[in-house]
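One-letter residues, chain by chain:
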Amino acid sequence: MTQAKHLEQAINGFRDSCQDEMDFLFDSLLHSLAVASKNAKTHSYERANPSLRHAIMLSGRLRKNLKALPIPSLHGHVDDLFDYFSEVLSEAFKLPFVEDIDELRLLTAELRKGIRTLLEPTNKAQHVSLVSQDSRPAVASPPLN
């Protein structure tokens, strides 16, 4: 079995076993960060703290799931990103800065897009490419003189 085929099977297995939980974690983390940001904007810091605690717990769980990706070269990057998350969220307990929380929301959304792309079935992408080529309208050739 080629290395690429082995990696493809490992990613497919990861997707099949973790996709629903990953979607839940991303949705929940984005929601917690949105609520914390909203409360920080109105200076309701006591109301922001439960959302920040929830975001810390969710980001830890998401980190654990992403570290199970069958691509070891990504694990260090996952650690770096979630170390940053942890630092920003811990600092937010002292004084939540809306900009910092919103930056985490943006990073989370971008990470989600990247993970979705990584976990997309490869045969689906090939099928979409072939279908889109077949569905193009035929271009009329200019008449020959």
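Residues numbered from 1 in each chain as written. Predicted model: local features only at pLDDT ≥ 70, side-chain atom pairs only at ≥ 80, totals over all residues. Heavy atoms only, no water.

Visitor: Before we move on, can you summarise the overall build of the protein with the specific residues and values?
Guide: When helices and strands are tallied, the protein shows 5 helices and 0 strands. Counting from the amino terminus, the protein carries its helices and strands in the arrangement α-α-α-α-α. Burial status across the protein gives 30% buried among its 145 residues. Across the protein, contacts joining residues at least 24 apart in sequence account for 71% of those joining residues at least 6 apart. As presented, the protein carries roughly 9,500 Å² of accessible surface, and 57% of it is formed by carbon and sulfur atoms. (Helix = DSSP H or I, 4+ residues; strand = E, 2+ residues; numbered from the N terminus. Buried < 20%, exposed > 50% of the residue type's maximum accessible area, 1.4 Å probe, protein only. Contact = heavy atoms within 4.5 Å. Areas by Shrake-Rupley, 256 points an atom, 1.4 Å probe, with all protein chains shown as cover.)

Visitor: How would you sum up helix α2 (residues 45–66)? Please name residues and give values.
Guide: With 22 residues, α2 extends 30 Å between its outermost C-alpha atoms, agreeing within 8% with the 32 Å of an ideal straight helix rising 1.5 Å per residue. Every buried residue of α2 is listed here: Ala48, Ser51, Leu52, Ala55, Leu58, Ser59, Leu62, Asn65 and Leu66. Burial along α2 is one-sided: seen end-on, the buried residues are contained in an arc of 135 degrees. Along α2, the residues that are exposed and aim more than 90 degrees away from the buried face are Glu46 and Lys64. (Expected span 1.5 Å × (residues − 1). Arc of directions from axis to C-beta.)

Visitor: Outline the pattern of salt bridges, supporting the account with residue identities and numerical values.
Guide: As enumerated under the stated definition, the model contains 9 salt bridges in all. Note that Lys67 and Asp79 form a salt bridge whose closest N and O atoms lie 2.7 Å from each other. With Lys67 in the loop between α2 and α3 (72–92) and Asp79 in helix α3, this pair connects stretches of sequence that are 12 residues apart. Residue class for Lys67 comes out partly exposed when judged on its relative accessible area of 31%. A relative accessible area of 22% places Asp79 in the partly exposed class. Glu110 is the salt-bridge partner of Lys113, the closest N and O atoms lying 3.0 Å from each other. Placement of the pair is Lys113 and Glu110 together in helix α4 (residues 98–119), with a separation of 3 residues, close to one helical turn. (Salt bridge = Lys/Arg side-chain N within 4 Å of Asp/Glu carboxyl O.)

Visitor: Run through the side chain of Arg15, naming residues and quoting values.
Guide: Here Arg15 lies in helix α1 (residues 3–41). Asp16 is the oppositely charged side chain nearest to the buried, salt-bridge-free Arg15, at an N-O distance of 4.1 Å. Among residues more than four places away in sequence, those in contact with Arg15 are Leu119, Glu120 and Pro121. (Lys, Arg positive; Asp, Glu negative; His and termini not counted.)

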